[in-house]
Amino acid sequence: MSGINLTIESRGKIKGAYFPLQISLPHDATLGVLKNGIANLVPSLPVSRQRLSDQQKRPLLGDEKRLSDLGVENVATLTLKDLGPQISWRTVFLVEYAGPLVIHPLIYLGAPLLWARFGYPFSMSFVQTTVFVLVMAHFLKRELESVFVHRFSNATMPAFNIVKNSTHYWLLSGLVLGGGVYSPSLGVEAVRGTVRDNHAFIWFFVLLWLLSELGNFHAHITLMNLRPKGTRVRQIPRGGAFELVSCPNYFFEALSWFAITAMTLSLSALIFLVVSSVQMTLWAIKKHKNYRKEFGDQYPRQRKIMYPYVF
C-alpha cells in the first residue's frame, strides 16, 4: 500500500526553515508522527507550537488519529502555523490559583493595621474569618485538583494567557474580593446586631458552600474518569448533576461563591460572583454546543446548559 506524500506550506513567517516542506509518511501514520517529523526538520517549532490545517482551512486535531482518518490521503497539501511560545495548562492553573492563596492572607492579616493608620481601627468579625477560611480552602482544593484530578485536552496554551487568566484571579478574587471583605465595613462593630453577626445565618451558608464544593469536586472526578490518562478520549458524562446540566462543575462553583456573597452581603463579593458566573456561563454554552455537535442524538436532550431546570 502506498504512503502519504505531503507538502507543508507555512502560514506566516516561521524561522529556521524554508517552505514548502516535502514529507513522505507511511499510510498508517498519525498526526502526531507528522508533527514530530516537522519538529525534526524545524527545531525551532516543537510539537506544542504547531497547528496544521487542510486545504479547506479546517484544523487537524487529535495527535493520536491517523492522517487518513482526518481526510489526509495519498498526496495532500497542508498549512502549518506557528502558535508561538506555549505554557502547560497545568502550570497556568497553578499560577492562577496561587494568587488568592497569597493575597488573602496578606490582606486578612494586614488590613486592620493598614486601616488603623488611616484612623479606622477595627477587629475582624466572625463572618470575615469564616470567609477567609472558605476562600483559602476553595483555592487549595483547586490547586490539588490541578495536580491530581484535571486532565487536559490540550497540553499547552499560548504563554501570554498566563497573564490574562491570572488577572481574573489575582485582581478580582484576590485584591477586589479580599479588599472588600476584610475591610471595616464587615468588622466586629460594623456587623454587630445585623444578620451578618448571626452565627446560625452564617453556618447555613457555610453548609451551602460545603455542599457546592462537594458537588463541584464530584463533577471533576466524573470528568477525570471519562478520560483515560494520557488520552484525549471524550465521552458523555453521566450520573449526579450531569443528568440535569452539561456543566455542573460551573453551576456548583457559582453556587459556592453565591454562598459567600450572601453571608457577607458585600459588594466586592457580588462583583466577583457576577463576573465569574457570566464567564462560566459562556464556557458552559460552548461546551454544551460541542457535546451536542459531537454526540448528536446520543446526547440527552433534557439536559440544560448550566442551571438546573432553567438554562
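Residues numbered from 1 in each chain as written. Predicted model: local features only at pLDDT ≥ 70, side-chain atom pairs only at ≥ 80, totals over all residues. Heavy atoms only, no water.

### Here we look at the overall build of the protein chain
Here's step 1: Within the protein chain one finds 8 helices and 6 strands.
Here's step 2: In summary, the protein chain has a C-alpha radius of gyration of 25 Å against a globular reference of 19 Å for 311 residues, an excess of more than 25%.
Here's step 3: The dimensions of the protein chain, computed from C-alpha atoms along their principal axes, are 80 × 45 × 30 Å.
Here's step 4: In the protein chain, once contacts between residues fewer than 6 apart in sequence are set aside, the share between residues at least 24 apart is 75%.
Here's step 5: Here the protein chain carries 32 positive and 18 negative side-chain charges, and the mean point of each set is 4 Å from the other. (Helix = DSSP H or I, 4+ residues; strand = E, 2+ residues; numbered from the N terminus. Rg over C-alpha atoms; globule rule 2.2 N^0.38 Å. Contact = heavy atoms within 4.5 Å. Lys, Arg positive; Asp, Glu negative; His and termini not counted. Charge placed at Lys NZ, Arg CZ, Asp CG, Glu CD.)

### A few points about the sheet that holds strand 3 (residues 50–53)
Here's step 1: Taken in spatial order, the 4 strands make up an open sheet running 2-1-4-3, and their pairing is mixed. With partners counted over all chains shown, the strands left at the sheet margins are strand 2 (21–25) and strand 3, one partner each. Shown here is a sheet whose adjacent strand axes are inclined to one another by a mean of 35°, direction ignored.
Here's step 2: Where strand 1 (residues 4–11) lies against strand 4 (residues 75–82), 7 bridges are found, and the strand directions are parallel. Its bridge partner being in strand 4, serine 10 is matched across the sheet by leucine 80.
Here's step 3: Running at roughly 120° to strand 3, helix 1 (residues 31–41) makes contact with strand 1, strand 2, strand 3 and strand 4 of the sheet. (Pairing = 2+ DSSP bridges. Axes fitted to C-alpha atoms, helices over the stretch in contact; angles between N-to-C directions.)

### Comments concerning the UniProt feature "transmembrane region" (unreviewed entry) in the protein chain
Here's step 1: If you check UniProt for "transmembrane region" (unreviewed entry), the listed places come out as residues 97–116, 122–140, 169–188 and 200–219 in our numbering.
Here's step 2: Spanning residues 97–116, this segment combines 100% helix with 0% strand, and its end C-alpha atoms are found 30 Å apart.
Here's step 3: As annotated, residues 169–188 has a helix share of 70% and a strand share of 0%, and its two end C-alpha atoms lie 27 Å apart. (UniProt positions renumbered as here; feature names shortened; annotations may be inferred.)

### A look at the pairing of strand 4
Here's step 1: Two strands pair when backbone bridges link them, and strand 3 and strand 4 are joined in this way by 4 bridges, in the antiparallel orientation. Residue pairing for strand 4: serine 53 is matched across the bridge by threonine 79.

### Some points on the packing of helix 2 (residues 89–117) against helix 4 (residues 161–181)
Here's step 1: Put simply, helix 2 and helix 4 touch, their axes get as near as 9 Å, and they point 20° apart. Here helix 4 runs roughly parallel to helix 2, going by the angle between their axes. In this structure, helix 2 meets helix 4 at a crossing whose hand is right-handed. The residues of helix 4 that touch helix 2, namely those facing Val92, Val95, Glu96, Tyr97, Ala98, Gly99, Pro100, Ile103, His104 and Ile107, are Ile162, Asn165, Ser166, Tyr169, Trp170, Ser173, Gly174, Leu175, Leu177, Gly178 and Gly179.
Here's step 2: Of the residues that constitute the contact of helix 2 with helix 4, the class distribution is 12 nonpolar, 8 polar and 1 charged. (Parallel < 35°, antiparallel > 145°, perpendicular 65-115°, else oblique. Left-handed = near helix turned anticlockwise from the far one by under 90°. Nonpolar A, V, L, I, M, F, W, Y, C, P; charged D, E, K, R; others polar.)

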